[in-house]
Amino acid sequence: MTSSTELTLLIIYAVAFYVFIIHRSLQISRDHYTKVYGLRPGWIFHRLNDVSDAQWRNFRGNLTILTLVFGIFTLVATSCRKYGLKAKGMSVIWLMVSLAYLSYLHGACILYILSIASANFLLVKICGKTKFVFLLWIFNITFLICNRIYEGYPFSLFGRNWAYLDNYRGTFRWHICFNFVILRMISFGYDYHWADYSNRFDKEKHIQRCNNCSLGRTCYQLLQERSLENGKFSFTIYLCYLIYAPLYIAGPIVSFNAFVSQLDTPQKTHSLKQVVWYGLRWIFSLMLMESMTHFFYYNAFAISGTWKYLSPLDIFIIGYGVLNFMWLKFFLLWRYFRFWSLINGIEAPENMPSCINNCYNLESFWRNWHASFNKWLVRYMYIPLGGTRMKLLNVWVIFTFVAVWHDLEWKLLSWAWLTCIFFIPEMIVKSTTNTLKVESSVGKFLYRELSAVAGAITITCLMVANLVGFVIGSSGLKWLLSQFLQKEGLPILGGMFITFYVGTKLMFHISDAKHKRIHNR
């Protein structure tokens, strides 16, 4: 069979699969909508809208005021840049506007943020250039855990004289946003620690190899790796970095070095036309999400537990739909805040550069899902823990930290450790195949087919791990497996595996086309 014939058959199968999924999803939503909760009157054809996800509901409900706030922020920042303000001046302006923004969000709880941030700054200045820099991790992880245990510390904990401040805690829980601040505090500390080690990064070699830098632009990695003079590690710039309004609530995560490097010279990687197009694509994606939540009630089924009483086929469709809903939700959240950051001249790494349906191995999935967090983990954890030499061990440390960073829940720890269990065979197989060179056409064919089978297994594992971590919890794993390992569920499991196999083969063709296009440039 030729490659073009195979591609045609794969596309036909994929189209048929999605037509069926859409048709069945509409049926399920129509037949069972009275049994789920989280539905509200919508604006599309008078249909009910699924707003059962609290994070999406809050973002959607506050979109107007967020846009107004960031519009004002942008107007102030643009006006000040015209007067030639550089790093110190811009950091003061952004700090003042961001403090006003945080006062609205957190009210009196801004005192907690400023106190912990000040203590961290002092710790960095004392230990940052010494071998005791590891104390920074102990300090931040302690607060990461305590913030959750004490639910943001009621002021009444400090006595009756402070209790009245609990009436002024703002509109948004400060300790939820503070998880991102903790990543920035660690970034500040270690970038300060590494500031004197300019030989860690070969700038000339990077410029020769990087497509952006070779064209005269500055890529994110170069911004991140360049060393800063000590004057840039001031308290004002540090605090501005921690609470920079466009990226404060949800990121994307940008390192201290990369942020400060763009205070003097705004990003030039993306032209105004590209940024406007980026915003228009976001609006299109928002309309796609609105259509999805008005017609398919995936998340409402999962939240209410109604899907547990459906057939294995419907359970698969809802599980698959929930994961696509989650992807699109985070896609919209992260790109919205990144858009405002780009307008203000600060480029942050793009989260989710690839679609969730275009990942067939664990490593590429996590590199693409929360991509900015992945870059942070590589820089501040993976490489310091030994990099590829200790990969099989440090993956456990990293994913445990990721779980705790998200929240103190057993289901997230279960998700982290399940991911590690699934990760290890993939790393071993990948390491083995990298040492083998397949020359014959038969060998290449077998290698490609085995890779597609491995991809189907990996996608299945990813579905299970993410449903356990973010939907059903570790207690629901037994139920999920029982649904597909019974007589009625085995054919669905087989069909699911074949579909993922076909999907992986289609991804191979997409990857081949990309490589061919790059090669022909």
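Predicted, not measured: the structure shown is a model, and the values here were computed from it. (Residues numbered from 1 in each chain as written. Predicted model: local features only at pLDDT ≥ 70, side-chain atom pairs only at ≥ 80, totals over all residues. Heavy atoms only, no water.)

Caption draft 1: Local environment of the overall build of the chain. When helices and strands are tallied, the chain shows 23 helices and two strands. For a compact globule of 521 residues, the expected C-alpha radius of gyration is about 24 Å, and the chain comes in at 24 Å, within 12% of that figure. Expressed along its principal axes, the backbone C-alpha trace of the chain runs to roughly 65 × 60 × 45 Å. Expressed as a percentage of the 521 residues in the chain, the buried residues total 51%. Taking the contacts inside the chain whose residues are at least 6 apart along the sequence as the reference set, 75% of them involve residues at least 24 apart. Summing over all exposed atoms, the chain offers an accessible surface of approximately 26,100 Å²; the carbon and sulfur share of this is 65%. Positive and negative side-chain charges in the chain, numbering 50 and 25 respectively, have mean positions lying 4 Å apart. (Helix = DSSP H or I, 4+ residues; strand = E, 2+ residues; numbered from the N terminus. Rg over C-alpha atoms; globule rule 2.2 N^0.38 Å. Buried < 20%, exposed > 50% of the residue type's maximum accessible area, 1.4 Å probe, protein only. Contact = heavy atoms within 4.5 Å. Areas by Shrake-Rupley, 256 points an atom, 1.4 Å probe, with all protein chains shown as cover. Lys, Arg positive; Asp, Glu negative; His and termini not counted. Charge placed at Lys NZ, Arg CZ, Asp CG, Glu CD.)

Caption draft 2: Local environment of the nonpolar core. Ranked by internal contacts, the top residues of the largest apolar core, which has 157 residues, are Trp94, Phe259, Trp307, Phe316, Trp369, Trp376 and Phe401. Counting residues per element, this core draws most heavily on helix α16 (residues 312–343), at 21 residues. Non-local contacts of phenylalanine 401, meaning those with residues more than four positions away in its chain, are made with Trp137, Ile141, Leu144, Leu183, Phe373, Trp376, Leu377 and Met381. (Core = buried A, V, L, I, M, F, W, Y, C linked by side-chain atoms within 4.5 Å.)

Caption draft 3: Quick look at helix α1 (residues 3–32). The end-to-end C-alpha separation of α1 is 43 Å, in line with the 44 Å expected for 30 residues at 1.5 Å each. Listed as buried for α1 are Glu6, Leu10, Ala14, Phe17, Ile21, Ser25, Ile28, Ser29 and His32. (Expected span 1.5 Å × (residues − 1).)

Caption draft 4: Broad picture of the packing of helix α5 (residues 110–127) against helix α11 (residues 235–243). Running from amino to carboxyl end, α5 crosses α11 at an angle of 130 degrees, the nearest separation of the two axes being 11 Å. As far as their axial angle goes, α11 and α5 are oblique. In this structure, the crossing between α5 and α11 has a hand that is right-handed. Here Ile113, Leu114, Ala117, Ser118, Asn120 and Phe121 of α5 come into contact with α11, specifically with Phe235, Tyr238, Leu239, Leu242 and Ile243. Taken together, the residues of the contact of α5 with α11 break down into nine nonpolar, two polar and no charged. (Axes fitted to C-alpha atoms, helices over the stretch in contact; angles between N-to-C directions. Parallel < 35°, antiparallel > 145°, perpendicular 65-115°, else oblique. Left-handed = near helix turned anticlockwise from the far one by under 90°. Nonpolar A, V, L, I, M, F, W, Y, C, P; charged D, E, K, R; others polar.)

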